[in-house]
Amino acid sequence: MKRTPLYETHRKLGAKLMEFGGYDMPLQYTGIIDEHLTVRNKAGIFDVSHMGEIFISGKDALAFCEWLTPNHVARLSPGQAQYSFLLNEQGGVIDDLIIYRLDSDSFMFCVNASNTDKDYSWILSHKKGKVIIDNRSDDIGLISVQGPLSGKIMEPIFSDAHDVKRFTFKTDTYKGRQVYLSRTGYTGEDGYECFVDNPVVVDLWNAIMESGASYGIKPIGLGARDTLRAEMGYPLYGMELNDTTTPLSANLGWVIKIDKGPFVGSEALKSVVEHGVNKRLVGIIMNGKSIPRHQNPVQWKDRIIGEVTTGTYSPSLSRGIAMAYVDNDVESNEVGIDIRSILHTGAVVQLPFIKK
Amino acid sequence: MQVPKDLKYTKDHEWARVEGATVSVGITDYAQDKLGDVVFIEIENGGTRVKQGEKFGTVESVKSVSDLFSPLSGKITDVNKDLLEHPEYVNKDPYGKAWMIKLAADAVKDEMSQLMDADAYEKYCKEAG
């Protein structure tokens, strides 16, 4: 199993470790609920160095990225970031990712750890024109700082942190190494993500912990990362997204710029736009105390109308919550979820579960 | 990890405490640590009969669901309703406030001898990691 540069740090902090995306990663330190509420109320620091970074550069890089992904890459200025996908020819999702425009002809894709190798092969096999494709995932660490106090914590370390606006980034340095300091995250809170070379990852982590000590910063594991993203209704690859689901079913149609010109998957998506989707992604808040789980059937009257993709306990709502794909023709505000053969009712709600 | 000497233990990480004619049952410190934050507990109603090793409820943490198995055969005479309102007691006080059921056991002597004592249970947990 792979380890991030922070593996020993996590062990010293008493983390419970788990396998994720081929890495030995921290599941939790003090406990998922405590960590979750720390991010919502103060700030938390995450090691997400397992995420992949694939660089695309060269004379034809822009045209290539525009062909490869469905969002409008040309609308990004250098220093801006954008949520997008790699899609297959059927419009299914190979991965979801953030595209960072580093320069006029240079881009970084931040991709899911478990998909990095698949994505890299996919990108290579679709190579067009004069481009250089470089998978630097094993050389780059990623530290995320999330929560309402994250600005106060990062400003003493990066003097320009304040000027980095949401979904933009700056190229900075830390101990002589280049850092991409990005105002992005996966929690719904204000926050930063720092892409930094492996040799200085531990130093930067320690500096952030020190800067954040008086603000109550805590290390946060993947357990709370999952509950934080679930409360925001953010999709997770392998749960809401997979190679047979289009972004249109997942309420992510806003990412798809169907008229920008041809891209991989555009023909298939045009047909979906024309005919409509069969299933749509909804949020469900349980009426009682029961907690829905992945793959629980969703029912309306006597009919099975779908399946839970993400089901968990929401620490902010103190309730069970679920994201589920349900038949698009069902308009009911209340559905049942079959949890271990007992039907529990829940209210269908607009995502996100909590308003930020 | 706490393993009180006066209790008996199952391989599924329940504990049993003999208190005169009744036996109280809960889950161990090792189990609560593995589960993480417990947020929901379901237990069979009082009056239900359970056999040794049979399921009497479920305990859910944020991330996972585990069944609860009775260490002994008998009738459930009491359910800890306070615990159902405060599942976090399992993490805070697994051998005290987080007792789950009281049993009128059918064959205390015979069945208790099949459970592990504290030393054996501690060894069992260390081997499990």
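The preceding data block contains the structure.
Owing to the predicted nature of the structure, the values given are computational and were not obtained by experimental measurement.

Regarding empty space enclosed by the protein
Residue and element names in this part refer to chain A. A full pass over the atoms with the stated rule returns one cavity of 30 Å³ or more. There is about 40 Å³ of room inside the largest cavity. The wall of the largest cavity is formed by Arg 280, Val 282, Ile 305, Val 326, Val 330, Ser 332, Val 335 and Val 348. In terms of residue class, the lining of the largest cavity is made up of six nonpolar, one polar and one charged.

Overview of the side chain of Glu 53 of chain A
Residue and element names in this part refer to chain A. Relative to the assigned elements, Glu 53 resides in strand 4 (residues 52-57). Although buried, Glu 53 forms no salt bridge, and the nearest oppositely charged side chain, Arg 136, lies 7.9 Å from it. Those residues in contact with Glu 53 that sit more than four places away from it in its chain are Met 108, Phe 109, Asp 134, Asn 135, Arg 136, Ser 137, Ile 140, Leu 142 and Phe 195.

A short note on the environment of Asn 41 of chain A
Residue and element names in this part refer to chain A. Residue placement: Asn 41 occurs in helix 2 (residues 32-41). Judged by relative accessible area, Asn 41 falls into the exposed class, the value being 53%. Separated by 108 residues in the primary sequence, Asn 41 and Leu 149 have C-alpha atoms spaced 8.1 Å apart.

Overview of the packing of aromatic side chains
Taken as a whole and judged by the stated rule, the model has 10 aromatic pairs over all chains. Taking the centre distance of 6.1 Å and the plane angle of 25° together, the rings of Tyr 83 of chain A and Trp 254 of chain A count as stacked. A residue pair is termed long-range when its members are at least 10 positions apart, and Tyr 83 of chain A in strand 5 (residues 81-87) and Trp 254 of chain A in the loop between helix 7 (222-231) and helix 8 (266-275) qualify at 171 residues. Site record: aromatic cluster; members linked through ring pairs are Tyr 100, Phe 169, Tyr 180 and Phe 195 of chain A. The residue whose ring lies beneath Lys 128 of chain A is Trp 67 of chain A, and the NZ or CZ to ring-centre distance is 3.9 Å. The ring of Tyr 89 of chain B has Lys 97 of chain B lying over it, and the distance from NZ or CZ to the ring centre is 4.5 Å.

Some thoughts on the pairing of strand 19 (residues 342-349) of chain A
For a regular strand, side-chain orientation follows a simple rule: the groups alternate between the two sheet faces. Residues and elements named next belong to chain A. Pairing between strand 14 (residues 279-286) and strand 19: four bridges, direction antiparallel. Pairing of Met 286 across the sheet is with Gly 346, part of strand 19. As paired elements, strand 18 (residues 334-339) and strand 19 share six bridges and run antiparallel to each other. Bridge pairing in strand 19 places Glu 334 opposite Ala 347.

As for unusual backbone geometry
Residue and element names in this part refer to chain A. For the bond from Leu 351 to Pro 352, the omega torsion is 0°, close enough to zero to count as cis. As for its position among the elements, Pro 352 is in the segment after strand 19. Phi angles above zero are rare outside glycine, and Lys 175 is one such case at about 50°. For Lys 175, a relative accessible area of 57% corresponds to the exposed category. Of note in this structure, Lys 301 is not a glycine but carries a positive phi near 55°. Locating Lys 301 in the fold gives a position in the loop between strand 15 (297-300) and strand 16 (303-314). Residue class for Lys 301 comes out exposed when judged on its relative accessible area of 64%.

Here is what the cut-offs are and how they apply
- Residues numbered from 1 in each chain as written.
- Chains lettered and ligands numbered in written order.
- Predicted model: local features only at pLDDT ≥ 70, side-chain atom pairs only at ≥ 80, totals over all residues.
- Heavy atoms only, no water.
- 1 Å grid on protein atoms, 1.4 Å probe; cavity = no way out; pocket = protein on both sides within 12 Å on 5 of 7 lines; lining within 4 Å.
- Points joined across faces, edges and corners; volume = space filled by probe spheres on them.
- Nonpolar A, V, L, I, M, F, W, Y, C, P; charged D, E, K, R; others polar.
- Helix = DSSP H or I, 4+ residues; strand = E, 2+ residues; numbered from the N terminus.
- Buried < 20%, exposed > 50% of the residue type's maximum accessible area, 1.4 Å probe, protein only.
- Lys, Arg positive; Asp, Glu negative; His and termini not counted.
- Salt bridge = Lys/Arg side-chain N within 4 Å of Asp/Glu carboxyl O.
- Contact = heavy atoms within 4.5 Å.
- Phe/Tyr/Trp six-rings, centres within 6.5 Å; stacked < 30°, edge-to-face > 60°.
- Lys NZ or Arg CZ within 6 Å of the ring centre and 35° of its normal.
- Pairing = 2+ DSSP bridges.

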